[in-house]
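# Structural description and commentary
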Amino acid sequence: MADRLTLELATPTRMVVAETVDEVVIPGSQVYFSMLTRHAPLLAPPGIGELTYRNRREERHVEVAGGFAEVRNDKVIVLADAAELPGEIDRARAERARERAEQRLSGRSPDEIDYARAAAALARALIRLQVAGRGR
């Protein structure tokens, strides 16, 4: 088992994923980080994005937003503010959130709206739709 990682992904209310995997890809604020066994220690906040993990030939996806990720030699712990598996995402709700965020951002100056909040809402809605489209 020395060539495998333990992945633990949790939110404040539940454990989302607890598996032994081959690789974990975590969204950062600017880039995605790929983690394999024996990775250098790392502590970083995940951005809004799609966490991907590979178990043998099977690849799985989770929508994550915020929190902290700690990487050790053989373990990746992600404590996310929010995380959803593809089957848990309400596509209609995510689509409505995308539309609301786009409306807030269109044609208004950044002084009229909370631009950072609207941009984050749009990013999260788009990621939720992307992950929901992946199936399991």
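My aim in this report is to walk through the structure given alongside it, one point at a time.

Thresholds, definitions, all that
Residues numbered from 1 in each chain as written. Predicted model: local features only at pLDDT ≥ 70, side-chain atom pairs only at ≥ 80, totals over all residues. Heavy atoms only, no water. Helix = DSSP H or I, 4+ residues; strand = E, 2+ residues; numbered from the N terminus. Buried < 20%, exposed > 50% of the residue type's maximum accessible area, 1.4 Å probe, protein only. Contact = heavy atoms within 4.5 Å. Areas by Shrake-Rupley, 256 points an atom, 1.4 Å probe, with all protein chains shown as cover. Axes fitted to C-alpha atoms, helices over the stretch in contact; angles between N-to-C directions. Parallel < 35°, antiparallel > 145°, perpendicular 65-115°, else oblique. Left-handed = near helix turned anticlockwise from the far one by under 90°. Pairing = 2+ DSSP bridges.

Turning next to the overall build of the protein. Scanning the protein from N- to C-terminus turns up two helices and 10 strands. Put simply, the protein runs from its N terminus to its C terminus through helices and strands in the order β-β-β-β-β-β-β-β-β-β-α-α. The dimensions of the protein, computed from C-alpha atoms along their principal axes, are 55 × 30 × 25 Å. Within the protein, buried positions represent 41% of all 136 residues. Of the contacts made within the protein by residues no fewer than 6 positions apart, 56% connect residues no fewer than 24 positions apart. Per element, the accessible surface of the protein, about 7,900 Å² overall, is 50% carbon and sulfur.

Here the focus is the packing of helix α1 (residues 91–105) against helix α2 (residues 115–132). The contact between α1 and α2 brings their axes to 8 Å, and the two run at 150°. As judged from the angle between their axes, α1 and α2 are roughly antiparallel. Classified by chirality, the crossing of α2 by α1 is left-handed. Between α1 and α2, the contacting residues are R91, R93, A94, E95, A97, R98, A101, E102, R104 and L105 on the first element and Y115, A118, A119, A121, L122, A125, L126, R128, L129 and A132 on the second.

On to the sheet that holds strand β6 (residues 49–55). As a general point, the strands of a sheet are linked pairwise by backbone hydrogen bonds and lie either parallel or antiparallel. Taken together, five strands build an open sheet; the order of strands is β4-β3-β6-β7-β10 and the sheet is antiparallel. The open sheet has two edge strands, β4 (32–35) and β10 (82–84), and neither has a second partner. Each strand axis lies, on average, 20° off the axis of its neighbour in the sheet, ignoring direction. Together, β4, β6, β7 (58–65) and β10 form the strand contacts of α2, whose direction differs from that of β7 by roughly 160°.

With that settled, the discussion passes to the sheet that holds strand β5 (residues 42–44). Strand order in the open sheet made by the five strands is β2-β1-β9-β8-β5, with mixed pairing throughout. Every other strand in the sheet has two partners, leaving β2 (15–21) and β5 as the edge strands with one partner each. Direction aside, the axes of adjacent strands within the sheet are offset by 5° on average. With three bridges joining them, β5 and strand β8 (residues 68–72) adopt antiparallel strand pairing. Note that in β8 the partner of L43 across the bridge is E70.

What follows covers the pairing of β8. The side-chain alternation of β8 yields one buried face, formed by A69 and V71, and one unburied face, formed by F68, E70 and R72. Two strands pair when backbone bridges link them, and β8 and strand β9 (residues 75–79) are joined in this way by five bridges, in the antiparallel orientation. Counterpart to F68 in the pairing with β9 is L79. Counting the residues in the hairpin turn of β8 and β9 gives two residues.

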